[in-house]
Amino acid sequence: KNEVEQSPQNLTAQEGEFITINCSYSVGISALHWLQQHPGGGIVSLFMLSSGKKKHGRLIATINIQEKHSSLHITASHPRDSAVYICAVVSSGSARQLTFGSGTQLTVLP
Amino acid sequence: EPEVTQTPSHQVTQMGQEVILRCVPISNHLYFYWYRQILGQKVEFLVSFYNNEISEKSEIFDDQFSVERPDGSNFTLKIRSTKLEDSAMYFCASAVAGAQETQYFGPGTRLLVL
C-alpha cells in the first residue's frame, strides 16, 4: 500500500510570494497527480506527471521518480490561488485508482 | 467540454436508510470510480468498475456498498443501511480505457447521515 505524505499541511503566504508544496510516497508509481480542491469541495486536476517537469501558467510541477518525491510550485502567488492542493499517486493495479495525500491548505493574503 | 455530473449535490438521510448516489460519467469513458472524503480527512478510494464489474475495491467497500451501471449512462453507488460514519463527500470519476491514470472528477455529493 502506498503512503502519500504532503508538507506543509497549512501554508499562508503574501501575494506575490513563491510557494512550494512537497509530496513524497513510499512505493514506486507510474504517475502522480496534483489536484486542487476549492471550498465547495470540487476537485480539479492540475497536472499528471510521470517524469521531469510540467508548467502551466504560474504553476510548475516536478517529480523525481528515484527519490519518490514531487513538488508543486506557484510563482507570483495570488489570493485566487487559495485552495487545498492535493497530491495523488496512481496505483499499479489495472484500474489505476488514486491514493491521495492529506492536502495542503494554501491561503494567499492580499 | 464534457464533464462528469453527480446527483444529488447534497443528501440528508436517517441512519439505517438506503441511499443511492448517481453519477453520469463522460460518454466515451469506460472506467468508473467512487471516492469519498470524510470531513477533514483525505480522499479515499472506494471502488472501480469496468466492463460491468468491479475491477478493484478497497477495504472500506464492504457489503453495505454496491455499484451498478443500470443503463448506458448512469453509474450508481448504493449504501444499503447508512451509518453515521458514512457522512462524507462522495466523488465519482471516470476515465478512458487505456488511459485510466487521467481521471475526471464529478463535483461530488455531500451525504449527511443523522
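Residue numbers here run from 1 along each chain, matching the order of that chain's written sequence. Working convention: letters from A go to chains and numbers from 1 go to ligands, in the order in which they are written. Thresholds applied to this predicted model are a pLDDT of at least 70 for local features of residues and 80 or more for the giving and counting of side-chain atom pairs; totals over whole chains, interfaces and linings are not thresholded and use all residues. Side-chain metrics rest on all non-hydrogen atoms present in the structure, leaving aside hydrogens and water.

**Let's talk about the pairing of strand β3 (residues 19–24) of chain B**
All names here are of chain B.
In step 1: Burial along β3 is one-sided: Val19, Leu21 and Cys23 are buried, and none of Ile20, Arg22 and Val24, which face the opposite way, are.
In step 2: Pairing geometry for strand β1 (residues 5–7) and β3, over three bridges, is antiparallel. In the sheet register, Gln6 faces β3, and the bridge partner there is Cys23.
In step 3: A pair of strands is considered paired only if DSSP assigns at least 2 bridges between the two. Helix and strand assignments come from DSSP, with helices taken as H or I runs of at least 4 residues and strands as E runs of at least 2, each series counted from the N terminus. Taken together, the five bridges between β3 and strand β8 (residues 75–79) define a ladder with antiparallel strand orientation. Note that in β8 the partner of Leu21 across the bridge is Leu77. Burial classes: relative accessible area under 20% of the type maximum marks a residue as buried, over 50% as exposed, and values in between as partly exposed (1.4 Å probe, protein chains only).

**Let's talk about the state of the cysteines**
Joining two cysteines, a disulfide is a covalent bond between their sulfur atoms.
In step 1: In plain terms, two cysteine sulfur atoms within 2.5 Å form what is called a disulfide here. What the rule picks out here adds up to two disulfides over all chains.
In step 2: Two residues, Cys23 of chain A and Cys87 of chain A, share a disulfide whose sulfurs are 1.9 Å apart. Taking the torsion about the S-S bond as the criterion, the Cys23 of chain A to Cys87 of chain A disulfide, at about -55°, is left-handed. A residue pair is termed long-range when its members are at least 10 positions apart, and Cys23 of chain A in strand β3 (residues 19–25) and Cys87 of chain A in strand β9 (residues 83–90) qualify at 64 residues. Summarising the burial analysis for this pair, Cys23 of chain A and Cys87 of chain A share the class buried.
In step 3: The partner cysteine of Cys23 of chain B in its disulfide is Cys92 of chain B, sulfur to sulfur 1.9 Å.

**Focus on the interface of chain B and chain A**
Note: interface size is frequently given as the accessible area lost on complex formation between the parts.
In step 1: Counting residues at the interface gives 20 residues for chain B, matched by 22 residues for chain A.
In step 2: Summed over both partners, the accessible area lost on bringing two parts together, with a 1.4 Å probe, is the buried area. Area buried by chain B at its contact with chain A is led by Lys42, Glu101 and Phe105 of chain B, which between them contribute 36% of it.
In step 3: What counts as a salt bridge is simple: a side-chain nitrogen of Lys or Arg found within 4 Å of a carboxyl oxygen of Asp or Glu. Our count for the chain B to chain A interface comes out at one salt bridge.
In step 4: For Glu101 of chain B, the salt bridge identified is with Arg96 of chain A, shortest N-O distance 3.1 Å. Should any heavy atoms of two residues lie within 4.5 Å, those residues are considered in contact.

**Looking at the pattern of salt bridges**
All names here are of chain A.
In step 1: Applying the stated criterion across every chain, the model contains three salt bridges over all chains.
In step 2: Among the ionic pairs, Asp81 bridges to Arg58, the shortest N-O distance being 2.8 Å. One end of the pair, Asp81, is in the loop between β8 (69–74) and β9; the other, Arg58, is in the loop between β6 (52–56) and β7 (59–64), with 23 residues separating them in the sequence.
In step 3: Take Asp81: its relative accessible area is 7%, and that puts it in the buried class.
In step 4: Residue Arg58 is classed as partly exposed on the basis of its relative accessible area, which comes to 26%.

**Focus: unusual backbone geometry**
In step 1: Between Ser7 of chain A and Pro8 of chain A the backbone carries a cis peptide bond, its omega angle lying at -10°.
In step 2: Assignment of secondary structure puts Pro8 of chain A in the loop between β1 (4–7) and β2 (10–14).
In step 3: Here the bond from Thr7 of chain B into Pro8 of chain B is cis, since omega is -10°, no more than 30 degrees from zero.
In step 4: Mapped onto the elements, Pro8 of chain B comes out in the loop between β1 and β2 (10–13).
In step 5: Unusually for a residue other than glycine, Lys68 of chain A sits at a positive phi of about 55°.
In step 6: As for its position among the elements, Lys68 of chain A is in the loop between β7 and β8.
In step 7: Positive phi is not limited to glycine here, since Asn51 of chain B has a value of about 55°.
In step 8: Its location among the elements puts Asn51 of chain B in the loop between β5 (43–50) and β6 (53–57).

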